[in-house]
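A closer look at the structure
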Amino acid sequence: MSKIVVTGGLGYLGSVLVKRLADRGNEVVVVDNGLVRRMPPDTERVRQVFGDVRDPAGWEEVLRGAAGVVHLAAIAGDAACDLNHELAWDTNYLGTIRVAEACARAGVRRLVFASTCSNYGVSRGEVAEVLSPLNPQSVYAETKVRAEHYLLSRRSDDFAPCVLRFATIHGLSPRMRFDLDVNLMTAQAVLDRKITVHGGKQWRPFVHVSDAAAAATLAVAAKPSRGAEIHNCGSDAENYSLAEVGWTIQQEVGGVELDIRKGVRDPRDYRVGFAQSERALGFRASRHLIDGIRELKNALLAGEYQDFTSTRYSDFLIMRERLGNVTRLAS
């Protein structure tokens, strides 16, 4: 049995990953500030620790004896980061530095970092591979690129960081989000009978949340390689234009209006290749876009998530509410 520490373990991906790690016999320690989800009851193999990655001093003792750390904690997404750029940099970039330094002090060699395919920004019709130029189009992606650079610059015999650039995640999670493209459009289709797509021609890669958790599980257990470890996490077959996503949801749900607003420009437009991660990690996505759409549709039709526009399902709205409360308290 290995001890694995997961920062941000109560989040959308984290809550799926933690269960997967625990089900495989690992002792899991979740470090989370509780912003997006309240602490669930402890289970036999999962321990929760309240902590913030910006200040590891209060929790870094849990790193002692850990076989690895999966660092998920971040302000996630362009919109949430744009609410406060300073906070985004302090959390996503400086917070990653502080977690890495804490790992070094605790003698933890393996650190898996959750990054994003959004780092490629614009692939200009080409398929972006791990060594392709990075062209971040947002503060969120910029913070991830800088954090990657720092971690890889620290690589040594004693510290083996692994960067996972995740495709856009979709599917059901104990900590559900409806501020992600597939999840939001499916909820709109089922409950509002109308899907809104902004732009439509821009490409995105997609990966199911359970597959993203599988990739992180493989990465934290993998034997470190000699060179820099960067892996795109998704599937070559799961690159779609946003219009294609809208059409797929429309066909699956049925009787739905599809509103493609072509005049709305989104600078992010990238297709990504994933064969390298299959070779290096043995990772192969097992679920497809339609699988995520169908499970979401079934959950919504069963009466779950009728309030999908609620603040609790959106990292952007949670951050906006939190920052608004801080401003009011300071005034």
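Attention here is on the structure that accompanies the text.

Conventions and cut-offs
- Residues numbered from 1 in each chain as written.
- Predicted model: local features only at pLDDT ≥ 70, side-chain atom pairs only at ≥ 80, totals over all residues.
- Heavy atoms only, no water.
- Buried < 20%, exposed > 50% of the residue type's maximum accessible area, 1.4 Å probe, protein only.
- Helix = DSSP H or I, 4+ residues; strand = E, 2+ residues; numbered from the N terminus.
- Pairing = 2+ DSSP bridges.
- Axes fitted to C-alpha atoms, helices over the stretch in contact; angles between N-to-C directions.
- Contact = heavy atoms within 4.5 Å.

**A few points about the pairing of strand 5 (residues 110-116)**
- Burial runs high along strand 5: seven of the seven residues are buried.
- Neither face of strand 5 is open: one carries Arg110, Val112, Ala114 and Thr116, the other Leu111, Phe113 and Ser115, and all of them are buried.
- The pairing of strand 4 (residues 68-71) with strand 5 spans three bridges and is classified as parallel. Across the sheet, the residue bridging to His71 is Phe113, located in strand 5.
- When strand 5 meets strand 7 (residues 160-166), the two strands line up parallel, connected through seven bridges.

**Regarding the sheet that holds strand 12 (residues 239-241)**
- Ordered in space as 8-10-12, the three strands form an open sheet in which the pairing is mixed. The outermost strands of the open sheet, each flanked by one partner alone, are strand 8 (168-170) and strand 12. The average undirected angle you get between the axes of adjacent strands in this sheet is 45°.
- Against the sheet, helix 9 (residues 289-301) contacts strand 8, strand 10 (203-208) and strand 12, and its axis sits at roughly 65° relative to strand 10.

**Quick notes on the environment of Ala114**
- Positionally, Ala114 belongs in strand 5.
- Under the relative-accessibility criterion, Ala114 is labelled buried at 10%.
- Through-space distance from the C-alpha of Ala114 to that of Gly9 is 12 Å; in sequence the pair is 105 residues apart.
- Apart from the residues within four sequence positions on either side, Ala114 is in contact with His71, Leu72, Lys144, Leu164 and Phe166.

**As for the pairing of strand 14 (residues 269-272)**
- Every second residue of strand 14 is oriented toward a common face, the buried set being Tyr270 and Val272 and the non-buried set Asp269 and Arg271.
- Of the pairings in the sheet, the one linking strand 6 (residues 122-128) to strand 14 comprises three bridges and is parallel in character. Paired with Ala128 across the strands is Val272, a residue of strand 14.

This is a description of form; function is not addressed.
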